[in-house]
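# What the coordinates show
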Amino acid sequence: MAVDVESYYTQFGPMVLRRCRHLLKDEESAVDALQDTFVQLLRYAERLNDEAPSSLLYRIATNVCLNKLRSAGRKKEDADTDLLHKIACAEMPEERFIAANLMNKLFAKHRESTRTIAVLHLLDGMTLQEVAEEVGMSVSGVRKRLRPLKSQLAELQRSNLE
Amino acid sequence: MTEDKRTPDLWVEQLAAGQLNAEKEAMVRKRLAAENGLERLDERLDERLDDIARSNEAILQEYPARQMAALIRSRSEARLPKMGMSFRPIWYIIPASAVAAAAALFFITAPFHQSGVSTGTSAQSAKQLSDNNYIGIKGTPQLRIHKQTQNGNISIKSGDKAAPGDVLQLKFNASTAKQLMIVSVDGRGAVTLHYPEAENESTRVTPGAKTSLPFGYELDDAPRFERFFLIWSETDQDIDIKKVMKQVKALPNAEHDALHLNSSLKYKDVTVKK
């Protein structure tokens, strides 16, 4: 499916920029992330047949911003930014496991990153059910993904208090 | 963050963009109205919707569509290294040597034991052995579990111990199965679906396929055990995942009881002790 970038940007670009501003708290980085998000949209254009563009763009933007935070090591400004930074930098079990068919599985199933799921639940305030509906997974699947991350975040919280 | 039950920003954005179906729009409007202390939202536009409309105008003026679209296309075509690094899918960051190592690990653990290693002597009981769904013969689908350690991956047999925080890798050999699912239950009675990933997904597998689940499973602090079930059939009909999960949940003694499934389904189990 060909993507009319200008049309999609007009309709959803402001939403994406607001999301990036909210997560990155820096205009230059946010505009950079905005462009990266739409570049990703061009790569995942086939998914536009399956899901609403606003949902897809919102999640791509979240993931792009998390990757930027992970590499930037930003200053902790408030509780939400602190949480976001922790999510961005947490070690994900899935990155430690490799399967011969992983690439095919990811392409075929369009897996949502655990970090993006975590942001939707822990920062954006969606319930597990709401997150599951948003990303097209089961509630038990979402819970399973978040379980190791929550343990890590709890551990980070404890070590920060010591 | 969630104490005030603020309507998620995504939904407000989607409402503003007209991207919600009628049912969800009504739900979001109701929620926004409640946040504003209103009976109905259309009595007064929500402040957040007002802000979005103003913000849209400001952003499109500051970053016009034509120029931004050109920048985006240019960046996409150039495939800038910065872009590649900032949003590289997971598999790109896995070195090829690691992929080869994982593939080697998989083949080292094959062929699967033919003695029914997944049946687990410690979990067997006379009741289980007599259960028509329980299978312990050669040439049937196999479930393999490995625990990752600093010294490499260790094969887990039924009755072996693992600790909270241990990460388990699940693999299966579909063998004669045409449909397959993997589910576990822990000492708290929590049931987790491992394969397929979602309850609404197909359970169809290719007979003879050997598959490693791409995500490891970290054990939590649930007490005593985590029992994994590999359930399969040789028919063309998808397994009713929800029904099976309910049956697992309903086991009076989740650690030892036999599963009574419909006649087309068979299962094996591996119990990891804690």
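Calculation rules
Residues numbered from 1 in each chain as written. Chains lettered and ligands numbered in written order. Predicted model: local features only at pLDDT ≥ 70, side-chain atom pairs only at ≥ 80, totals over all residues. Heavy atoms only, no water. Helix = DSSP H or I, 4+ residues; strand = E, 2+ residues; numbered from the N terminus. Buried < 20%, exposed > 50% of the residue type's maximum accessible area, 1.4 Å probe, protein only. Contact = heavy atoms within 4.5 Å. Areas by Shrake-Rupley, 256 points an atom, 1.4 Å probe, with all protein chains shown as cover. Core = buried A, V, L, I, M, F, W, Y, C linked by side-chain atoms within 4.5 Å. Pairing = 2+ DSSP bridges. Axes fitted to C-alpha atoms, helices over the stretch in contact; angles between N-to-C directions. Salt bridge = Lys/Arg side-chain N within 4 Å of Asp/Glu carboxyl O. Expected span 1.5 Å × (residues − 1). Arc of directions from axis to C-beta. pLDDT = per-residue confidence, 0-100.

### Describing the overall build of chain B
- For chain B, the count of helices and strands is eight helices and nine strands.
- Across the 274 residues that make up chain B, the buried fraction comes to 47%.
- Here the contacts in chain B between residues at least 6 apart in sequence split such that 74% fall between residues at least 24 apart.
- When the accessible area of chain B is evaluated, it comes to approximately 13,900 Å², of which 52% is carbon and sulfur surface.

### Focus on helix α7 (residues 128-135) of chain A
Residue and element names in this part refer to chain A.
- Of all the eight residues making up α7, six are buried; the element is thus mostly covered by neighbouring parts of the structure.
- All of the buried residues along α7 are L128, E130, V131, A132, E134 and V135.
- G136 occupies a position one or two residues after α7 and carries a positive phi of about 75 degrees.

### Side note on the nonpolar core
- With 63 residues, the main nonpolar core has A:Y9, A:V16, A:F38, A:I87 and A:V142 as its most contacted residues.
- Here the element with the most residues in this core is helix α1 (residues 5-24) of chain A; it accounts for ten residues.
- Apart from the residues within four sequence positions on either side, A:F38 is in contact with A:Y8, A:Y9, A:F12, A:G13, A:V16, A:L57 and B:I72.
- Ranked by size, the runner-up nonpolar core spans 21 residues in total, among them B:L143, B:L168, B:A177 and B:V270.

### Focus on the sheet that holds strand β4 (residues 179-186) of chain B
Residues and elements named next belong to chain B.
- Across the sheet, which stays open at both edges, the four strands sit in the order β5-β4-β8-β9 with antiparallel pairing between neighbours. Each of the sheet's edge strands pairs with one partner strand only, and the pair in question is β5 (191-195) and β9 (266-273). Adjacent strand axes in the sheet meet at a mean angle of 20 degrees when their direction is disregarded.
- Pairing between β4 and strand β8 (residues 225-233): eight bridges, direction antiparallel. Residue pairing for β8: V185 is matched across the bridge by R227.
- In the packing of helix α8 (residues 241-249) onto the sheet, the strands contacted are β4, β5 and β8, and the crossing angle to β4 comes to about 30 degrees.

### A few points about the pattern of salt bridges
- Summed over the entire model, instances satisfying the criterion amount to 17 salt bridges over all chains.
- Here B:E13 ties to A:R18 by a salt bridge, and the two come within 2.7 Å at their closest N and O atoms. Of this pair, B:E13 sits in helix α1 (residues 9-16) while A:R18 sits in helix α1, each in a different chain. The pair B:E13 / A:R18 is uniform in exposure class, with both members buried.
- Where A:D32 meets A:K68, a salt bridge forms, and the shortest distance between an N and an O atom there is 2.5 Å. Residue A:D32 is located in helix α2 (residues 27-43), and its partner A:K68 is located in helix α3 (residues 53-72); the two are separated by 36 residues in the primary sequence. For the pair A:D32 and A:K68, one class covers both residues: buried.
- Here the salt bridges share partners, and the residues they tie into one network are A:D32, A:D36, A:K68 and B:R75.

### Looking at helix α3 (residues 47-62) of chain B
All names here are of chain B.
- Compared with the 22 Å implied by 1.5 Å per residue over 16 residues, the 22 Å span of α3 between its first and last C-alpha is a close match.
- Within α3 the residues assigned to the buried category are R48, L49, I52, S55 and I59. Buried residues of α3, viewed axially, fall in a sector of 120 degrees; they line one side. More than 90 degrees from the buried face of α3, the exposed residues found are E47, R54, E57 and Q61.

### Quick notes on the confidence of the model for chain B
Residue and element names in this part refer to chain B.
- Summing up the model confidence of chain B, the mean pLDDT is 74 and the portion of residues at 70 or higher is 72%.
- Within chain B, β8 carries the highest mean pLDDT (93), whereas helix α5 (residues 81-86) carries the lowest (36).
- Across residues 80-132, where pLDDT falls below 50, the model places 88 contacts with residues more than four positions away in sequence or in other chains.
- Scoring of the predicted complex yields 0.50 for pTM and 0.74 for ipTM.

### Details of the environment of A:R43
All names here are of chain A.
- With respect to the helices, strands and loops of the structure, R43 is situated in helix α2.
- Classification of R43 as partly exposed rests on a relative accessible area of 38%.
- Expressed as a C-alpha distance, the spacing of R43 and V3, which sit 40 residues apart in the sequence, is 9.8 Å.

### Regarding the pairing of β4(B)
Residues and elements named next belong to chain B.
- The buried fraction of β4 amounts to eight of the eight residues, a majority that puts the element mostly inside the structure.
- Side chains of β4 alternate between two faces, with Q179, M181, V183 and V185 and L180, I182, S184 and D186 buried alike.
- Relative to β5, β4 runs antiparallel, the two being bridged by four bridges. Bridging from a neighbouring strand, I182 pairs with Y195 of β5.
- Counted between consecutive antiparallel strands, the loop separating β4 from β5 contains four residues, among which G189 sits at a positive phi close to 85 degrees.

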